[in-house]
Amino acid sequence: MVQVSVAIADALVRIRAYAHAQERSLNDVAADIVARRLRFDENQDQDRG
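Residues numbered from 1 in each chain as written. Predicted model: local features only at pLDDT ≥ 70, side-chain atom pairs only at ≥ 80, totals over all residues. Heavy atoms only, no water.

- Within an unreviewed UniProt entry, the label attached to the protein chain reads ANTAR domain-containing protein, and the organism entered is Dactylosporangium maewongense.

1. Description of the nonpolar core
Line of reasoning, step 1. One finds Ile15, Tyr18, Ala19, Val29, Ile33, Leu38 and Phe40 forming the largest nonpolar core, which totals 7 residues.
Line of reasoning, step 2. Contributing elements (two or more residues each) for this core: helix H1 (8-21) and helix H2 (26-34).
Line of reasoning, step 3. Residues within four places of isoleucine 15 in sequence aside, it is in contact with Leu26, Val29, Ile33 and Phe40. (Core = buried A, V, L, I, M, F, W, Y, C linked by side-chain atoms within 4.5 Å. Buried < 20%, exposed > 50% of the residue type's maximum accessible area, 1.4 Å probe, protein only. Helix = DSSP H or I, 4+ residues; strand = E, 2+ residues; numbered from the N terminus. Contact = heavy atoms within 4.5 Å.)

2. Some remarks on unusual backbone geometry
Line of reasoning, step 1. For glutamate 23, which is not glycine, the phi dihedral falls at a positive 55 degrees.
Line of reasoning, step 2. Among the secondary structure elements, glutamate 23 is positioned in the loop between H1 and H2.

3. Concerning the pattern of salt bridges
Line of reasoning, step 1. Within this structure, the stated rule accounts for 2 salt bridges.
Line of reasoning, step 2. For the salt bridge of arginine 24 with aspartate 32, the shortest nitrogen-to-oxygen distance reads 2.5 Å.
Line of reasoning, step 3. Here arginine 24 falls in the partly exposed class, since its relative accessible area comes to 30%.
Line of reasoning, step 4. Residue classification places aspartate 32 among the buried residues on the basis of a relative accessible area of 14%.
Line of reasoning, step 5. Aspartate 32 serves as the salt-bridge partner of arginine 37, at 2.8 Å between the closest nitrogen and oxygen.
Line of reasoning, step 6. Through salt bridges that share partners, Arg24, Asp32 and Arg37 make up one connected network. (Salt bridge = Lys/Arg side-chain N within 4 Å of Asp/Glu carboxyl O.)

4. Remarks on H1
Residues separated by three or four positions in an α-helix point in the same direction, a consequence of the helix having 3.6 residues per turn.
Line of reasoning, step 1. With 14 residues, H1 ought to run about 20 Å at 1.5 Å a step, and its terminal C-alpha atoms sit 20 Å apart, in line with that.
Line of reasoning, step 2. Restricting attention to buried positions, one finds in H1 the residues Ala11, Ile15, Tyr18 and Ala19. Angularly, the buried residues of H1 cover 100 degrees about the axis, an arc narrow enough to put them on a single face. Away from its buried face by more than 90 degrees, H1 exposes Ala9, Val13, His20 and Ala21. (Expected span 1.5 Å × (residues − 1). Arc of directions from axis to C-beta.)

This is the structure we're talking about:
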């Protein structure tokens, strides 16, 4: 939510989509975000087209 300046519901959708695309659990991805091992770029969606 803070990294990409979106509402909490939108942030959860992004995290779930990322976890699914990477074939990882939501808990593992969330742990990586909290531990600052994973960062979402504000321009990430624009890079995808």
